[in-house]
Amino acid sequence: MEIKYATCGIHDYRLKIEPLGVKCSRCRVNEAVVDIKYARQKLCKDCFNEFFLNRVRRTVEKYKMFRPGERVAVAVSGGKDSVALLHALKKAFPQQDIIAIHINLGIAYYSDHLEEVVRKLASMLEVPLEVYNLKEREGYTIDDFLRTRYGRKMCSVCGIVKRNIFSRLSAEVDADVVATGHNLDDTVGTMFASFFAGDFESISRLRPVLRPLVPGQPRKIKPLITTPERENLIYVVLNQLPVQSCSCPHALGASVSYYKQILDRMEERNPNVKHQLLSVFTKKLIPMYEFYRKHEEEKEKKEEVLQTCRICGQPTSSPDGICSKCRRVMELQKVMDRPLILELSPHDAKKLIEEGAVVLDVRPVGQYSSGHIEGAVNIPRERFDNLDRDKKMKKTIREWKGRNILVYCNTGTDSYAVTVKLRNRGYRAYNLKGGIEAWKRAGFPVLQPAGSD
Ligand code: AMP
Ligand code: FES
Ligand code: ZN
């Protein structure tokens, strides 16, 4: 049987699907390929698909996520979760009015690839798609925030921008509901983290269904809230769906949350622990907290006053009437005319090297030894993941302070992520645009390391 691998998301999820050597626990005919430990079932492809779709159907019905006749906007990023979500909703609810929405965030070496994935998927499923191009519609990209003090907190700015646009875009397409791909692991991991921080308000926002803050807005739903992350990936691979194949450069080294790791460890002892925690949170803790909050509000006779943002019209509780997204965009606009040169053409890169720049090859060792730019030091990209904890690496790069650094890989993708990371730490790093491939196309030489032939 075919063996497939997939690399996905920010933590290089590697998956191998192969026969388990037993018959499927459901149909008892086909070879089982997926082991679902918490359900004590080993399933074949068809039975796994059925198991997956049934759970999506049950979750939608249990939490009354949408009704027949309602228009459901599915936010599809191109990552495994939302790709599985769009496909599964379409299969499980073939009569539903479904539209896909996608935001092109303008992240170099990333966003255009994601848009292509989403376009492929939507046309494969014959689902209408609305793409919101941040640069075209608002005049800036997420990368532009590298000019601001949010350079090391790109994911949080990006999240704020995305949430704001989801609300506006889903209203634009006349949707009653907007569905996102949040999975069980992410949800319980975030719940756990918020619990330890005592942030019950955040836990309450992780509910499967969020009613709109003001009338006229769509409600937000998470149909995959009961689906483990791993199963979304299995679903995508088994059904050969288009999916992202590279990671966001701003997530380089963003490690899996500490709490998600703890949950994985707990799962080894108790395969059901994530479902149990989700149930405790949604059935017990959130209702208790909501009850307490209402009581407090009544006691103090004050209710959170929501206004609409003076700039974008979205609801906000901020006293100055400007929502957190618009506040950040205003900050960005103040520095937009500052030059931000992150990449150099092969010709400009060559000049920089001749002037004594550090040349940094971030490809795996094997690729370096099959041809590199003269004088390049080879430090594979992974070594930059834990830059803040890796003392040896810290010492190595400290010596580059104040010098120009030219970073490259094959196509420019990995080296762009490393460039961004170095820039955010005050280094004068530049990415070689298009990587060593573009360098060769420009007619510049590559060398073999001394000693190799
Ligand atoms: P994240 O916050 O990146 O983990 O994404 C959570 C969910 O938001 C995804 O499962 C998608 O449903 C949605 N999403 C994230 N990024 C985008 C995007 N660029 N366009 C459309 N939907 C997105
Ligand atoms: Fe938003 Fe990476 S996708 S910062
Ligand atoms: Zn606003």
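All values reported here derive from a predicted model rather than from experimental measurement.

Moving on, we come to the overall build of the protein chain. Regarding its fold elements, the protein chain presents 16 helices and 15 strands. Against the compact-globule benchmark of 22 Å for 453 residues, the protein chain has a radius of gyration of 24 Å, which places it among compact chains. Its C-alpha atoms give the protein chain principal-axis dimensions of roughly 65 × 65 × 40 Å. Within the protein chain, the proportion of its 453 residues that are buried is 50%. Long-range pairs, those at least 24 residues apart, make up 67% of the contacts in the protein chain with a sequence separation of at least 6. Only carbon and sulfur atoms are counted for the fraction: they give 50% of the accessible area of the protein chain, which is about 23,200 Å². Across the protein chain, 75 positive and 56 negative side-chain charges occur, with their mean positions spaced 4 Å apart.

Turning next to the sheet that holds strand 3 (residues 71-75). Within the open sheet, the six strands sit side by side as 5-4-3-6-8-7. Their pairing is mixed. Of all the strands in the sheet, just strand 5 (129-133) and strand 7 (209-210) have a single pairing partner and so form its edges. Summarising the sheet, strand 7 and strand 8 (residues 219-221) pair through two bridges and their orientation is antiparallel. The residue bridging Leu-210 from the neighbouring strand is Lys-220, located in strand 8.

What follows covers the environment of Lys-120. Tracing the sequence through the fold places Lys-120 in helix 3 (residues 111-125). C-alpha separation for the pair Lys-120 and Pro-242, spaced 122 residues apart in sequence, amounts to 6.9 Å.

With that settled, consider the packing of helix 6 (residues 184-196) against helix 9 (residues 258-269). Closest axis-to-axis distance for the helix 6/helix 9 pair is 8 Å, and the angle between their directions is 115°. The pairing of helix 6 with helix 9 is recorded here as roughly perpendicular in orientation. Note that helix 6 runs across helix 9; the crossing there is right-handed. Along its contact with helix 6, which presents Asp-185, Asp-186, Val-188, Gly-189, Phe-192, Ala-193 and Phe-196, the element helix 9 presents Tyr-259, Lys-260, Ile-262, Leu-263, Asp-264 and Met-266. Of the residues that constitute the contact of helix 6 with helix 9, the class distribution is eight nonpolar, one polar and four charged.

What counts, and where the lines are drawn
Residues numbered from 1 in each chain as written. Chains lettered and ligands numbered in written order. Predicted model: local features only at pLDDT ≥ 70, side-chain atom pairs only at ≥ 80, totals over all residues. Heavy atoms only, no water. Helix = DSSP H or I, 4+ residues; strand = E, 2+ residues; numbered from the N terminus. Rg over C-alpha atoms; globule rule 2.2 N^0.38 Å. Buried < 20%, exposed > 50% of the residue type's maximum accessible area, 1.4 Å probe, protein only. Contact = heavy atoms within 4.5 Å. Areas by Shrake-Rupley, 256 points an atom, 1.4 Å probe, with all protein chains shown as cover. Lys, Arg positive; Asp, Glu negative; His and termini not counted. Charge placed at Lys NZ, Arg CZ, Asp CG, Glu CD. Pairing = 2+ DSSP bridges. Axes fitted to C-alpha atoms, helices over the stretch in contact; angles between N-to-C directions. Parallel < 35°, antiparallel > 145°, perpendicular 65-115°, else oblique. Left-handed = near helix turned anticlockwise from the far one by under 90°. Nonpolar A, V, L, I, M, F, W, Y, C, P; charged D, E, K, R; others polar.

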